Amino acid sequence: MAREVRTRFAPSPTGDLHVGNIRTALFDWAYARHTGGKLIFRIEDTDRERVTDEYIARAIETLKWLGLEWDEGPEVGGEFGPYLQSQRLDIYTEWADTFLKNGDAYNCYCSTEELEARREAQRSANQAPGYDGKCRNLSDGEIEKYRGEGRKPVIRMRMPDGETRFNDLIRGEVVFEHKYVPDFVLMRADGSPLYTLAVAVDDVLMKVTHILRGEDLLSSTPRQIRVYQAMGVKDEDFPEFAHLPFVMGTDNTKLSKRNGEVSIAWYREEGFLPEAICNYLALLGWSPGDDRENITMKELVDLFTIERVNSSPARFDMKKLEAINGDKIRALSIEEFLKRALPYLLKEGVIKGEASEVKVVRDALPIIQERIARMKEVVPMLRFLFVEEISFDQESAAKLAESDSQKVINTAISALEPVSNWQHEAIEGALRSALIDGLGLKPRNAFGPVRIAVTGSHISPPLFESMELLGRDRSMARLKSAVR
Ligand code: GLU
Ligand code: ZN
C-alpha cells in the first residue's frame, strides 16, 4: 500500500523568507494537497545566532499570508513535535551517541588548524580536499593523549567506501561516489548538531515521505541517506527526494539580493497579492501542462504533479509577475479590492480610516482597478482625493507656470463654470469642446495641465472621473489656485 504523503517545508529563517523558500514551500504544499497528504512545517533553527525569534515569527506570518496552511508545525502542533529544531537538541545528541556506540560515527580530535593544513596539502597534491579519516581508528592511547591536551572532539560520521545512488523524482538517478563525500561532522565540539544530522533525524522521526527542496541541497543528500542507514531505516522507508531547479535572476545566475528582489516581504509591501505570488511562483519550474499563465490555487492543487516539474533552471521575470498581479487585481470584487487597498492607504497616511474616507476610496477604486499592477499604486493614485491643498513637485510646478498651461487652465475654468451636472461625461464634453475644438490642442497638451492642477500629478486615474470624484467645488478651487 502506498504510504500517505508527508511533505515538509523546513526553512532556516536567517532573514525574511525569499522567493526560493516560498517556491519550495508552495510545491511542498501543492504536492501534499494534491495527494491528500500532510504538510509539515519545521523550523531549522539550530543556529540560534542567525535564526531569531523575530524571523521565525515573520516566516510563520508570511506562510499564513500566502495561504500555505500546514498540518503540523508551529502554532498547530502535531504528533511528531516539537517542530522547532532548537527544542529537539536532546534527540540529536541521543542519536549521535547511538551512532558512536554502533561504530557508525567516531570522535575526531583534529583542530581547525590541523584540518586546514592537511586540506592545503591535499590541494597542492591535486587531491580533492576533505577530511582524510585520520581519527577513524584511534587507539586508546591516542585518545587519552588528545584528551590530556584538553581537546574536545567533534563527532564524525563514517562514510563507507562505495557510492550512494538514489532516484531523484525530478532528475532521475543520481550517483555520489563516496570518495567525494568525506566523513562529515554530525556534532560540533560544543555539542550542537549540524544541519545534516538534524535534518535527517527529523525527516525520519516525522515520517516524511517526500522531500521537495532546492537543488542547492542535492549534494547533502548522500550524507542524509547515510544518517538514515545508521538510524536503521530500511531502504524502502527512505523519504523520496525531488530537488527543484534553481530560480535564476535576469543575468542567469542564481537569484539573490544581488540581481533581484528576493525577500517576500518586499513583494508584499509593493502590493503583490498572495494569489499572484503563488500563481507566478507555481510557474517557476512547474507547468500546468498547457501555456496558461493564470491559475488559481485550486487548479494548482488539482494539477500539481512532480512529473511536471522541470529539471532545468527557471528564470525569474518581474514583468510576468507584474502582469499576473495586474490580472489578479482586476479579478477582485470591489469589496475585496477595498479590503486589500486600505492597509496601503492607512500606512502611508493617505486616510485615517474614517467611514467617510472609506466611502470615497470605494467609489474611486473602480476607475483605478484596470490601471494598477501593484497595490501600492493606490497611494499615488488616490492621494489627491484626500489632501486639502495640492503640493506640486518642481517639474509639475514649472509645467503649470508655462504660459500655454495657464491659457489651458483659464479656458478650462470658463468652460466648466456653466457645468452644473458634475458628471464625468459632462466634464469631458465641456473640456473637449473648449480645449481641443476651441484651442485646437492635442489631448495631451489640453488635459495635461488640467490633470496637474487638479491632482498634483501626471499619474492619476482618468481625469474626468477624477474630477467627478473630487467634486465640483474642489475641482474648481484647484483650477483657480493654479492660475498664476
Ligand atoms: N533548512 C534548510 C535551508 O533552509 C533546508 C532543509 C531542507 O529542505 O532539507 O536551507
Ligand atoms: Zn580527526
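Here we summarise the structure given alongside this text. Everything quoted here is computed from the prediction, not taken from an experiment. Starting from 1, residues in each chain are numbered consecutively following that chain's sequence as written. Each chain is given a letter, starting from A, and each ligand a number, starting from 1, according to the order in which they appear as written. Totals for whole chains, interfaces and linings use all residues, but because this is a predicted model, local features are given only for residues with pLDDT of at least 70 and pairs of side-chain atoms are given and counted only at 80 or more. Note: side-chain values were computed over all heavy atoms of the structure, leaving out hydrogens and water.

**A word on the layout of surface pockets**
If you roll a probe as big as a water molecule over the atoms, it shows you where there is empty space left. Basically, it comes down to this: In the cavity and pocket records, a cavity denotes points on a 1 Å grid over the protein atoms alone where a 1.4 Å probe fits but cannot get out, a pocket denotes an open set with protein on both sides within 12 Å along at least 5 of 7 lines, and lining residues are residues with an atom within 4 Å of a point. Grid points are joined across faces, edges and corners, and a volume is the space filled by probe spheres set on the points. Only DSSP runs of H or I reaching four residues or more are called helices, and only runs of E reaching two or more are called strands; each is numbered from the N terminus. Three classes are used, and their members are as follows: Ala, Val, Leu, Ile, Met, Phe, Trp, Tyr, Cys and Pro are nonpolar, Asp, Glu, Lys and Arg are charged, and the others, Gly among them, are polar.
As a volume, the largest pocket reaches approximately 1,100 Å³. What lines the largest pocket is a set of 44 residues, and nearest its centre among them are Pro11, Ser12, His18, Asn21 and Asp216. Breaking the lining of the largest pocket down by element, the ones donating at least two residues are strand 1 (6–9), helix 1 (19–35), helix 6 (195–205) and strand 8 (210–214). If you tally residues by element for the lining of the largest pocket, the top one is helix 1, at six residues. Within the lining of the largest pocket, the residues separate by chemical class into 19 nonpolar, 12 polar and 13 charged.

**Comments concerning the sheet that holds strand 3 (residues 105–108)**
Adjacent strands of a sheet pair through backbone hydrogen bonds, lying either parallel or antiparallel. Which entries qualify depends on this criterion: At least two bridges found by DSSP between two strands is the condition for calling them paired. Fitted lines through C-alpha atoms serve as axes, helices being fitted only where they are in contact, and the angles separating the N-to-C directions of these axes extend from 0 to 180 degrees.
Pairing is antiparallel across the open sheet formed by three strands, whose spatial order is 3-4-7. Of all the strands in the sheet, just strand 3 and strand 7 (185–187) have a single pairing partner and so form its edges. Across this sheet, the average inter-strand angle for adjacent strands is 45°, counted without regard to direction. Pairing between strand 3 and strand 4 (residues 154–157): four bridges, direction antiparallel. Looking across to strand 4, one finds that Tyr106 is bridged to Arg156.

**So, helix 18 (residues 443–455)**
Using the following cut-off: An expected span of 1.5 Å times one less than the residue number is assigned to each helix. Summary of the burial criterion: residues with accessible area below 20% of their type's maximum are buried, those above 50% are exposed, and those between are partly exposed, where the area comes from a 1.4 Å probe applied to protein chains only. Contacts were defined at the residue level, with two residues in contact if any of their heavy atoms lie within 4.5 Å.
When the terminal C-alpha atoms of helix 18 are compared, their 17 Å separation across 13 residues agrees well with the 18 Å that a helix rising 1.5 Å per residue should span. Buried residues of helix 18: Ala446, Phe447, Pro449, Val450, Arg451, Ile452, Ala453, Val454 and Thr455, and no others. Check the buried side of helix 18 and you find it contacts helix 15 (394–401), helix 16 (403–416), helix 17 (424–438), helix 19 (463–470) and helix 20 (472–481). Of the residues one or two after helix 18, Gly456 is the one with positive phi, at around 80°.

**Some points on the coordination of the zinc ion (ligand 2)**
Defined as follows: Any N, O or S atom lying within 2.8 Å of the metal counts as a donor, and for Na, K and Ca the limit rises to 3.2 Å; water is left out, so some sites can look incomplete. Square planar and octahedral sites, with four and six donors, are those where opposite donors lie more than 155 degrees apart and all other angles lie between 65 and 115, tetrahedral sites have four donors with every angle between 85 and 135 degrees, and the rest are irregular.
The coordination sphere of the zinc ion (ligand 2), as far as protein atoms go, consists of Cys108 (SG), Cys110 (SG), Tyr131 (OH) and Cys135 (SG), spread over 2.1 to 2.3 Å. Around the zinc ion (ligand 2), the four donor atoms are arranged such that angles at the metal cover 100 to 123°; this shape is classified as tetrahedral. Within one chain, the residues serving as donors to the zinc ion (ligand 2) are arranged as C-x1-C-x20-Y-x3-C. Linking Cys110 in the loop between strand 3 and helix 4 (112–124) with Cys135 in the loop between helix 4 and helix 5 (140–148), this pair joins segments that are 25 residues apart in sequence. For the pair shown, Cys110 and Cys135 are each scored as buried.

**Concerning the pairing of strand 8**
For clarity, the threshold we go by: Orienting the strands away from the viewer, one traces the path from the first strand over the helix to the second; a clockwise path indicates a right-handed crossover.
Burial runs high along strand 8: five of the five residues are buried. Relative to strand 9 (residues 240–244), strand 8 runs parallel, the two sharing five bridges. Following the sheet pairing, Leu212 is matched in strand 9 by Ala242. A crossover links strand 8 with its parallel partner strand 9, the connecting element being helix 7 (residues 221–230), and its sense is right-handed.

**Concerning the pattern of salt bridges**
Operational definition: Salt bridges are defined as contacts in which a side-chain nitrogen from Lys or Arg sits within 4 Å of a carboxyl oxygen from Asp or Glu.
The final tally for this structure, using the stated rule, is 47 salt bridges. The partner of Glu177 in a salt bridge is Lys179, and the shortest N-O contact between them spans 3.3 Å. Here the residues in one salt-bridge network are Arg8, Arg42, Glu44, Arg88, Asp202 and Asp203, joined through shared partners.

**A closer look at the environment of Lys152**
Inspection of the secondary structure puts Lys152 in the loop between helix 5 and strand 4. In the structure, Lys152 is positioned 108 residues away from Gly260 in sequence and 43 Å away in space, judged by C-alpha atoms.

**Considerations on the site of ligand 1**
Rules: It suffices for a single heavy atom of a residue to lie within 4 Å of a molecule or strand for the residue to be listed as near it. Here a polar contact is recorded for every N or O atom pair within 3.5 Å, except that within protein the pair must consist of a potential hydrogen donor and a potential acceptor, and residues adjacent in sequence are included only if both atoms are side-chain atoms. A molecule is counted as occupying a cavity or pocket when more than half of its atoms fall within 2 Å of that pocket's grid points.
Taken together, Arg8, Ala10, Pro11, Ser12, Glu44, Tyr195, Val199, Arg213 and Leu217 make up the full set of residues adjacent to ligand 1. Within the side chain of Tyr195, a nitrogen or oxygen atom sits 2.8 Å from an oxygen atom of ligand 1. Structurally, ligand 1 is housed in the largest pocket. Of the residues in the shell around ligand 1, the class split is five nonpolar, one polar and three charged.

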